[in-house]
Amino acid sequence: MAVLAGEPISDQPACASPVLAAFVRTWSDGLPQDARDNLILPLLPRLVGTRGSEQLERRRAGLVADWMVRTHLPAWFHLAKLNVEADALADLPEIPNLGAFGALCDPLKRARKRAMIANLTLRQTGRDVRAAAWDAAHQAAWTAIRDDLEAIGGAILAAGWDCAYAAAYAAARAYGKAPLEPTRRALQETAVALIERMIAAGGGGPSGLHTAADAAP
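Just so you know, these numbers come straight off a predicted model, no measurement behind them.

Engineer: I tried to follow the environment of Asp135 on my own but got confused; where do I start?
Structural biologist: Inspection of the secondary structure assignment puts Asp135 in the loop between helix H7 (127-130) and helix H8 (136-152). A C-alpha to C-alpha distance of 9.9 Å links Asp135 and Ala168, two positions 33 residues apart in sequence. Dropping the residues within four chain positions of it, Asp135 is found in contact with His72 and Arg184. A polar contact of 3.1 Å, which involves the side chain of Asp135, links it to the backbone nitrogen of His138.

Written out as structure tokens, the structure reads:
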């Protein structure tokens, strides 16, 4: 990406949105080569020139958090047949920025507790199962916002961990009852859509436009 922008070789090019760069870099690192070629390479030229204002980067971080809570986590809850909880999370209002994450502390804590109760054997399952919900796309999302969550405060960071572990418990519960790979692949598609939306938030989408919601602080 840096080479495309005429910058010195770097995995943190000055031309790119820090949130987008962290997401794409981490996701790429966790993918096999064929998936990297198919999913990541077409996106790289579009990241050039995406660096924006602090307000825009906060909005992009909010989009990542929203994906974790309202898309990623419900997908694993649905697979684990925790449908009531999955629907409740998917129907939450959109997260406009990481500050709004604080309002989700209690719902995410309840989601983690419910998933733990539903599956008490997470620690006894194999490493691959424990990591099922920590696939490359989820790692990318977590990397993109973790530092900001830590900076905001411990309670909000804890909400992020609750979200992550609730997904892991749900994936482990589903293991043996349903194949995990279709959910992982479906979430890859939503991760691409998330990147598209983050690009579009800065006016770099296919239409060159962004909505008032994407520009909100």
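Engineer: How should I be thinking about the packing of aromatic side chains in this particular structure?
Structural biologist: Any pair of aromatic rings gets described here by the distance separating the centres and the angle formed by the planes. Under the counting rule described, the total for this entry stands at three aromatic pairs. Residues Phe23 and Trp27 carry aromatic rings whose centres are separated by 6.0 Å and whose planes lie at 80° to one another, so their mutual orientation is edge-to-face. With a gap of four residues between them, Phe23 and Trp27 both fall in helix H1 (residues 18-29), about one helical turn apart. Classification of Phe23 by relative accessible area gives buried; the value is 0%. Taken together, the ring pairs in this structure connect Trp142, Trp161 and Tyr165 into an aromatic cluster.

Engineer: Hey, could you run me through the side chain of Thr50 in this one?
Structural biologist: Among the structural elements, Thr50 can be located in the loop between helix H3 (44-47) and helix H4 (54-79). At 2.9 Å, the side chain of Thr50 forms a polar contact with the backbone nitrogen of Ser17. For Thr50, the side chain forms a polar contact with the main-chain oxygen of Leu47, separated by 2.6 Å. Apart from the residues within four sequence positions on either side, Thr50 is in contact with Cys15, Ala16, Ser17, Leu20, Glu57 and Arg60.

Engineer: Help me out: how do you make sense of the nonpolar core in this one?
Structural biologist: Core analysis: the largest hydrophobic core is formed by 65 residues, its most contacted members being Phe23, Trp27 and Phe101. Per element, the largest residue contribution to this core is twelve residues, and it comes from helix H9 (residues 154-174). Setting aside anything within four residues of it in sequence, one finds Phe23 in contact with Val64, Ala137, Ala140, Ala141, Ala144, Ala191, Leu194, Ile195 and Met198.

Engineer: Would you mind going over helix H10 (residues 181-201) with me for this structure?
Structural biologist: Side chains that are three or four residues apart share a direction in an α-helix, a result of its 3.6 residues per turn. Taking 1.5 Å of rise per residue, the 21 residues of H10 would be expected to cover 30 Å, and the 30 Å separating its terminal C-alpha atoms lies within 8% of that figure. Just beyond H10, the residue with positive phi is Gly203, at close to 90°.

What counts, and where the lines are drawn
- Residue numbers here run from 1 along each chain, matching the order of that chain's written sequence.
- Owing to the predicted nature of the model, reporting of local features is limited to residues with pLDDT of at least 70; listing and counting of side-chain atom pairs is limited to 80 or more, with chain, interface and lining totals taken over all residues.
- As a rule here, side-chain values come from all non-hydrogen atoms in the structure, and water together with hydrogens is ignored.
- The secondary structure listing takes helices from DSSP runs of H or I that are at least 4 residues long and strands from runs of E that are at least 2 residues long, numbered from the N terminus.
- When checking whether two residues touch, look at their non-hydrogen atoms; a contact exists if any pair is within 4.5 Å.
- What qualifies as a polar contact is a pair of N or O atoms within 3.5 Å, subject to a donor-acceptor requirement within protein and to the restriction that residues adjacent in sequence count only when both atoms come from side chains.
- Ring pairs are drawn from Phe, Tyr and Trp, using the six-membered ring of Trp, whenever the two centres fall within 6.5 Å, and their geometry is named by plane angle: stacked under 30 degrees, edge-to-face over 60, tilted for the rest.
- When accessible area is computed with a 1.4 Å probe and restricted to protein chains, residues below 20% of their type maximum are described as buried, those above 50% as exposed, and intermediate ones as partly exposed.
- Here, nonpolar core means buried Ala, Val, Leu, Ile, Met, Phe, Trp, Tyr and Cys residues that are tied together by side-chain atoms lying within 4.5 Å of each other.
- Take the residue count of a helix, subtract one, and multiply by 1.5 Å to get its expected span.

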